[in-house]
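Residue strings, one per chain:
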Amino acid sequence: MYATIFNSEVKKFINTDAHVRKLTGDCLFTEGPLWNPAGYYLFSDITANCIYKIDAEGSKEVFFQNSGCAEPNDLLQQDMIGSNGLAYDRNGNLLVCQHGNHAISSFTNGALVPLISEFRGKPLNSPNDLIVHHDGRIFFSDPPYGLKNGELNSLNFQDRAGIYCWRGGELLLVTDQYQYPNGVCLSTDQQKLYACSNKPFEKF
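All chains use their own residue numbering, which begins from 1 and follows the written sequence. Note on the predicted model: pLDDT of at least 70 is required for a residue's local features to be given, and 80 or more for side-chain atom pairs to be given and counted; whole-chain, interface and lining totals, by contrast, use all residues. By convention in this description, side-chain values take in all heavy atoms of the structure and omit both hydrogens and water.

Draft legend 1. Seen up close, the side chain of Gln98. By secondary structure assignment, the location of Gln98 is in strand S6 (residues 94-98). One polar contact links the side chain of Gln98 to the main-chain carbonyl oxygen of Ser67, over a distance of 3.0 Å. Working definition: helices are DSSP H or I runs of at least four residues, strands are E runs of at least two. Numbering for both runs from the N terminus. For the purposes of these results, a polar contact is taken to be a pair of N or O atoms within 3.5 Å, where, inside protein, one atom must be able to donate a hydrogen and its partner to accept one; residues adjacent in sequence count only when each atom of the pair is a side-chain atom.

What follows is the structure, given as structure tokens:
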């Protein structure tokens, strides 16, 4: 596999001598790869509604089934009900963005237990991606991809697609200036939050 480098600055962050190798190709819609120091990746297959575990040799197994939703509601959801972004908290607990359950849950004793599930008295839309600050704060995006037709439903869920910060049991709205906020990450010094969106903000 070859790539064209347009700016040499990228060499500060990426090993350009690395080789890409495909480990598997039989999934439906993959997201949220997460490396475990024990020598394997976890990743979500949103459409299949499960989290897979795969090692460096490509040996793959189901880590957790119904990872985004155990009881789909076809009236309010589309087929993107599975889990999405994955991360470890400061204590090494697995955190999971759940589209179908409209929550961020913690994998505890073999089960997913909701940690963050509502804002201002209404369920979240469909948490997409998250990043954990070294002080324990959790930043995450909440677009409507997991809702029916991928559209906001202000009657049952949030009326805007937000980026949030969970701190000490309190959920704060960082911004609602994106229609479809997606990936989030922190700078190496943890001082800046970066986010991307599939569509820019428009008045709606």
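On we go.
Draft legend 2. Structural context of the layout of surface pockets. When its volume is computed, the second largest pocket comes out at roughly 230 Å³. Around the second largest pocket sit 13 residues that line it, and Leu23, Thr24, Pro33, Phe43 and Ile54 are the ones nearest its centre. The set of elements that each furnish at least two residues to the lining of the second largest pocket consists of strand S1 (30-36) and strand S2 (40-45). Sort the elements by how many residues they give to the lining of the second largest pocket and S1 lands first, with three residues. With a 1 Å grid laid over protein atoms only, a set of points is called a cavity when a 1.4 Å probe fits there but cannot get out and a pocket when it is open yet has protein on both sides within 12 Å along at least five of seven lines; lining residues have an atom within 4 Å of a point. Grid points are joined across faces, edges and corners, and a volume is the space filled by probe spheres set on the points.

Draft legend 3. Expanded view of the environment of Tyr178. Following the sequence through the fold, Tyr178 ends up in the loop between strand S14 (170-175) and strand S15 (181-186). Here's how the labels work: a residue is buried when its accessible area is under 20% of the maximum for its type, exposed when over 50%, partly exposed in between, all with a 1.4 Å probe on protein chains only. We classify Tyr178 as partly exposed; its relative accessible area is 27%. C-alpha separation for the pair Tyr178 and Ser106, spaced 72 residues apart in sequence, amounts to 26 Å.

Draft legend 4. Highlighting the sheet that holds strand S12 (residues 138-142). With respect to topology, four strands assemble into an open sheet ordered S11-S12-S13-S14, the strand pairing being antiparallel. Looking at which strands have only one partner, the edges of the open sheet turn out to be strand S11 (130-132) and S14. Averaged over neighbouring strand pairs, the angle between their axes works out to 20° when direction is ignored. Only strands that DSSP links by at least two bridges are regarded as paired with each other. Here five bridges tie strand S13 (residues 162-167) to S14, and the two strands are oriented antiparallel to one another. Helix axes use the C-alpha atoms of the stretch in contact, all axes being lines fitted to C-alpha atoms, and the angles between their N-to-C directions lie in the range 0 to 180 degrees.

Draft legend 5. Representation of the state of the cysteines within the structure. When the sulfur atoms of two cysteines come within 2.5 Å, that pair is taken as a disulfide. Per the counting criterion, the structure on display carries zero disulfides. The thiol of Cys69 is unpaired, and the distance to the nearest cysteine sulfur, on Cys50, comes to 14 Å. Note on Cys97: no disulfide assigned, nearest cysteine sulfur contributed by Cys196 at a separation of 13 Å. Relative accessible area serves as the criterion here: at 0%, Cys97 is assigned to the buried category.

Draft legend 6. Main features of the packing of aromatic side chains. For this analysis, a ring pair means two rings from Phe, Tyr or Trp (six-membered ring only for Trp) whose centres lie within 6.5 Å, classed as stacked if their planes differ by under 30 degrees, edge-to-face if by over 60, and tilted for the remaining angles. Using the criterion set out here, one finds seven aromatic pairs in the structure. With a centroid separation of 5.6 Å and an interplanar angle of 40°, the aromatic rings of Phe43 and Tyr52 are classed as tilted. Feature note: the residues Phe63, Phe64 and Phe107 constitute an aromatic cluster, connected by ring pairs. Counted as over-ring charges are cases with an Arg CZ or a Lys NZ within 6 Å of the ring centre that also lie within 35 degrees of the ring normal. Here Lys53 stacks its cationic end above the ring of Tyr40, 4.3 Å away from the centre of that ring. Lying across the ring of Tyr52, Lys60 places its NZ or CZ 4.2 Å from the centre.

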